[in-house]
Every structure is written in C-alpha cells, then in structure tokens.
Amino acid sequence: MSKDDSTHQDATHAAMPAEAGRVPRKRLTGIDAARGLALIGLTAIHFLPAENEQTHEATLSWTLFSGDSAALFALLAGVGLAFATGGRHPRTGRRMTGARVGVAVRALLIFALGVAINSLMPEDPPAFNILTYYGIFFVLTIPFLHLPARTLFLSAAGFAVAAPVLMLELGDQVPEFSSGNPTVIDVLTDPGATLAQLLLTGTYPALPYLTYLLVGLGIGRLHLHHVEIQTRLLVIGVGLAVTARLASWLVLYIFGGYHQLTHAASLDEETLAGILIWGPDDALPAGSWWWLAITTPHTNMPLAIAWSLGVSLAALGAFLLLARKVGPWLLPLSAMGAMTLTLYSTQLVLLSFELHYDQPQLWFLLYLVLAAIFALAWKRAFGQGPLERLVSTAAKKASTTVLPSSSGADRE
C-alpha cells in the first residue's frame, strides 16, 4: 500500500457511527468540519422554529438547513465507510468479509442506540431521530462496499430515480407508521409498518438516502487529498444544485407542472404552495407523476435529492479546500464533527425534556457552545469520542473474528 493510500484509510471517521476502528494517524480536517456544519444544521432544525410567527414564511434556518444537513451527514457516512474498507483500494476476500461484519455490527449498535433514545421521546417529538435510519443505511450498503467509484456513482443514480418512483407508487399501499420515532415496542409489535417507515415512508427513508451513501462511498475511493478532486467536488456540487432548482422551476412554472398538480391531486393553490415549502404531512398525494419535479426538503423526489446532493458535495469540497489554508481555524467545528454520534445522541436526550420551546435561540446557542467546549476538551484529553470509541471497538472486534489480526485483516 502506498503512503497516500494509507493516509486515505486513516484520514477520517464515517459520519456519526462509521469509525475506522482505531485512533487515526492523520485526518482530513475538512471532512470533520463539514460534518460539524451538518451537526449545526440539524441542531438549528431541531431547536429553532421553522416558521416566522409574523409573516408565516419559512425561517432562515429552515431554508438553509432543512433536508440538506441530513443529506450531508449521509454523504459523509459513505466517505467514512470507504476509508474504513480500504480507501482507494477496496479490501478483497476475507478482509472485505471482515469489514462487512464490522459494518453490520455498527448498524446493529447504532439502531439499538436509536430505538433506546426514541423511548425517551414524547408522543409529539421535538425531533425525528436519524440514528434508527442509520442502522438500515449501513445494512443496505454492505453489498456495495467492494465496488469501484464509477459503479457506485451509477448505482446512486439508479436509487435517486427508482426510490422516488417506488415512494409514489407504494406510498398509499404500505402500512402507516404509528410513531415518528420507532421504539423497541414498535419494532416488535408492528415490524412491517416500522420497516416500511425506515425504507420508504419515514423522515429519512433508507432507499432514497442510499443515493447519498453510495456517492459518499464513491468519493472515498478517489484521491480525495488532491486539490483537483476537492475543486471538482465544489464545482460539480454547485452545478448539480443549480441545475436541479432550474429544472424544477422550468417543469413546474414553464411547462405546466404546477397546474397539473393542482388538477391531478385535487389541491387548491394554498395547499399546494404549503407542500412545496414544507412538504406533506404524510406521503405526497397520489395521482400525479409531476411530484417528481419538486425540490421540497424531505420529499426525496429526484430533483430534491439532486439539490441536497449538490449542496452536500459543494460543502464537502469547500471545507476540504478551506482546510488546506485555514485548517487550525476550523478546529472547533472539526472537533464537533469528529464526535457527532456522541453529540447528536446527547442533543436528542436533551430535546426529550422539551425545555427549549420558550427560548429556542438561547438553547440553540447554549447547546452549540457547550458541544464545542466538550468536543475540544475531550479530543485533547482522549481523542476519539466516547460513543464513537465504543462502536468502533465493537466493530473491530467483530471484524477480526473473520480474519485474525495476525493475518493482516486490518492492513492493506
């Protein structure tokens, strides 16, 4: 293995749960900083109001972060999985089998953590927990871990088109979920509805979100430390986002899509305008394929996926380029990004007490300040975050049961 490839493998963790299983020798600070931004985005969505009370328009925090922060997390999770399974040169044979076992263990632990936290949430939750979905994300990526970048990108494009079609086709046929945040009881008593929620109908459905995971896996197979690749990520991301919004505008307002939606879905203009800003309460109304042209957050339609993917690629490329020049200045952000599993889980527990509703801005700022201080102090004292270390240690032990460490299971 070349020196550059070794740096790739140890450069970063996966977003939230996917850790490389050891204290890395060198990290790409820009990836951690991008993940820190995603954490801030989700925090803003969870704590701050989505609607302006006076104008009833979307707030700045909703406009900037809704849907895109979760997409960025998922993209970076794929990058981390790529690093953890060989970087530019995917592992093969029993070493890849060991890596797959490790990913499966990560998935199980993250899912278990997610449903445990969900049991603390009230019936009308202040936030929807992405961790339960992450467990499914990782399981579904296992068959793709050995693939090269080009194949991963093509597979991602397939999911970006096929998953939304399935959502529209099956949205009114699959069982409705009984809880916004599935608990152990939901999993045991209503497994079909819970699985449908995690795959297709929930806030972060796994099938469309595989687009972000697979693109991230493909990115992690590239020479990501090269400035040319980093610049391409930024340029392609901006281009994809602009193209998605322009295409949506043309289809809806020039080629008659907006009128077709009001007619086919039997919606008045006020209701349709609300869906295009906030998304539907449940599934999108049946009866029209014109929904495929919208870019509303969390609708997971093709152009919505393309927009969020473009924003995520641009953010990753921008932070990788910034880190080359001002890396030390990104330390508070990158420190938080290095332990998002711990910080995100803590945030959800805090939200479950519902103390933030009267002063959301104060709680938002207080959480971010305390999170940054904790992350900086813990990183200096111990390195890897507490939950990150727990998950990565368990995954590494599981992977070495397939191939003993003396045989080089963890070396390329």
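Residues numbered from 1 in each chain as written. Predicted model: local features only at pLDDT ≥ 70, side-chain atom pairs only at ≥ 80, totals over all residues. Heavy atoms only, no water.

Novice: Describe the overall build of the protein chain, listing the residues and the values that go with them.
Specialist: A tally of helices and strands in the protein chain yields 18 helices and zero strands. For 412 residues, the compact-globule formula gives about 22 Å, and the C-alpha radius of gyration of the protein chain, at 21 Å, lands near that figure. Oriented by its inertia axes, the alpha-carbon framework of the protein chain measures out at about 65 × 50 × 45 Å. Counting over 412 residues, the protein chain shows a buried share of 53%. For the protein chain, restricting intrachain contacts to residue pairs at least 6 apart in sequence, the fraction spanning at least 24 positions comes to 76%. Working note: accessible area of the protein chain is about 18000 Å², and carbon and sulfur atoms make up 65% of it. Computing the positive centroid from 24 side-chain charges and the negative centroid from 27, the protein chain places the two 26 Å apart. (Helix = DSSP H or I, 4+ residues; strand = E, 2+ residues; numbered from the N terminus. Rg over C-alpha atoms; globule rule 2.2 N^0.38 Å. Buried < 20%, exposed > 50% of the residue type's maximum accessible area, 1.4 Å probe, protein only. Contact = heavy atoms within 4.5 Å. Areas by Shrake-Rupley, 256 points an atom, 1.4 Å probe, with all protein chains shown as cover. Lys, Arg positive; Asp, Glu negative; His and termini not counted. Charge placed at Lys NZ, Arg CZ, Asp CG, Glu CD.)

Novice: How would you explain the packing of helix α9 (residues 191-201) against helix α10 (residues 206-220) if you had to name every residue and give the values?
Specialist: Interaxial distance between α9 and α10 falls to 6 Å at its minimum, and their mutual angle equals 45°. By the criterion of interaxial angle, the relationship of α9 to α10 is oblique. Listed contacts from α10 to Leu 198, Leu 199 and Leu 200 of α9 are Ala 206, Leu 207 and Pro 208. (Axes fitted to C-alpha atoms, helices over the stretch in contact; angles between N-to-C directions. Parallel < 35°, antiparallel > 145°, perpendicular 65-115°, else oblique.)

Novice: Requested: an account of the UniProt feature "domain: Heparan-alpha-glucosaminide N-acetyltransferase catalytic" (unreviewed entry) in the protein chain, with residues and values cited.
Specialist: Cross-referencing UniProt, the feature "domain: Heparan-alpha-glucosaminide N-acetyltransferase catalytic" (unreviewed entry) maps to residues 27-230 in the present numbering. A distance of 15 Å separates the end C-alpha atoms of residues 27-230, which is 67% helix and 0% strand. (UniProt positions renumbered as here; feature names shortened; annotations may be inferred.)

Novice: I'd love a proper account of the pattern of salt bridges, names of residues and values included.
Specialist: Summed over all chains, the structure comprises one salt bridge. The salt bridge involving Arg 35 is made with Asp 32; its shortest N-O contact spans 2.8 Å. With Arg 35 and Asp 32 both in helix α2 (residues 29-47) and three residues apart, this pair spans about one turn of that helix. Summarising the burial analysis for this pair, Arg 35 and Asp 32 share the class buried. (Salt bridge = Lys/Arg side-chain N within 4 Å of Asp/Glu carboxyl O.)

Novice: Outline the packing of aromatic side chains, listing residues and values.
Specialist: Using the criterion set out here, one finds twelve aromatic pairs in the structure. Ring geometry for Tyr 209 against Tyr 212: centres 5.1 Å apart, planes inclined by 75°, an arrangement best described as edge-to-face. Taken together, the residues Tyr 209 and Tyr 212, both in helix α10 and three residues apart, mark about one turn of the helix. An identical accessibility class is assigned to Tyr 209 and Tyr 212; each is buried. Ring geometry for Trp 378 against Phe 382: centres 4.5 Å apart, planes inclined by 45°, an arrangement best described as tilted. Highlighted residues: Trp 378 and Phe 382, both in helix α17 (residues 360-382), separated by four residues, approximately one helical turn. Residue Phe 382 is classed as exposed on the basis of its relative accessible area, which comes to 51%. (Phe/Tyr/Trp six-rings, centres within 6.5 Å; stacked < 30°, edge-to-face > 60°.)

Novice: Can you explain the side chain of Ser 288? Please cite residues and give values.
Specialist: When you line up the elements, Ser 288 lands in the loop between α13 (269-278) and α14 (302-326). Apart from the residues within four sequence positions on either side, Ser 288 is in contact with Leu 168, Leu 261 and Ala 264.

Novice: Tell me about the side chain of Ser 66, and please be specific about residues and values.
Specialist: Within the element layout of this structure, Ser 66 appears in the loop between α3 (60-65) and α4 (68-84). The class of Ser 66 is buried, set by a relative accessible area of 3%.

Novice: Explain unusual backbone geometry residue by residue, including any values.
Specialist: Of note in the backbone geometry, His 298 takes a positive phi value of approximately 70° without being a glycine. Here His 298 shows up in the loop between α13 and α14. Judged by relative accessible area, which is 28%, His 298 ranks as partly exposed. Phi at Asn 300 is positive, roughly 60°, even though this residue is not glycine. Take Asn 300: its relative accessible area is 4%, and that puts it in the buried class.

Novice: Got a sec to walk through empty space enclosed by the protein? Specific residues and values, please.
Specialist: Evaluation of the coordinates by the stated rule reveals five cavities of 30 Å³ or more. If you add up the space inside the second largest cavity, you get close to 60 Å³. As for the second largest cavity, its lining consists of Gly 67, Ala 71, Tyr 209, Tyr 212, Thr 296, Pro 297, His 298, Asn 300, Ala 304, Ile 305 and Ser 308. Elements represented by at least two residues in the lining of the second largest cavity include exactly α10 and α14. (1 Å grid on protein atoms, 1.4 Å probe; cavity = no way out; pocket = protein on both sides within 12 Å on 5 of 7 lines; lining within 4 Å. Points joined across faces, edges and corners; volume = space filled by probe spheres on them.)

Novice: Got a sec to walk through a nonpolar patch on the surface? Specific residues and values, please.
Specialist: Judged by side-chain polarity, Leu 246, Trp 249, Tyr 253, Ile 254 and Phe 255 come together as a nonpolar surface patch covering roughly 570 Å² of accessible area. Its place among the elements puts Ile 254 in helix α11 (residues 227-254). (Patch = residues over 30% accessible without salt bridge, like charges linked within 9 Å, V, L, I, M, F, W, Y side chains within 5 Å.)

Novice: Tell me what's going on with the layout of surface pockets, and back it up with residues and numbers.
Specialist: Quantified by volume, the second largest pocket comes out at close to 350 Å³. Every residue lining the second largest pocket is counted, 20 residues in all, and those nearest its centre are Arg 245, Leu 276, Thr 295, Thr 296 and Pro 297. Where the lining of the second largest pocket is concerned, the elements lending two or more residues are α3, α11, α13 and α14. Considering each element in turn, the lining of the second largest pocket owes the most residues, five residues, to α11. When its residues are assigned to classes, the lining of the second largest pocket shows eleven nonpolar, seven polar and two charged. (Nonpolar A, V, L, I, M, F, W, Y, C, P; charged D, E, K, R; others polar.)

Novice: Describe the confidence of the model for the protein chain, naming the residues involved and giving the relevant values.
Specialist: Taken as a whole, the protein chain shows an average pLDDT of 89; of its residues, 91% reach a score of 70 or greater. Scored below 50 in pLDDT, residues 1-25 shows 92 contacts in the model against residues more than four places distant or in partner chains. Every residue in residues 405-412 is under pLDDT 50, and counting partners more than four places away or in other chains gives 20 contacts. (pLDDT = per-residue confidence, 0-100.)

Novice: Could you give me a rundown of the environment of Glu 123, with the residues and numbers involved?
Specialist: Its location among the elements puts Glu 123 in the loop between α5 (93-118) and α6 (131-141). As a C-alpha pair, Glu 123 and Asn 181 span 58 residues in sequence and 8.8 Å in three-dimensional space.

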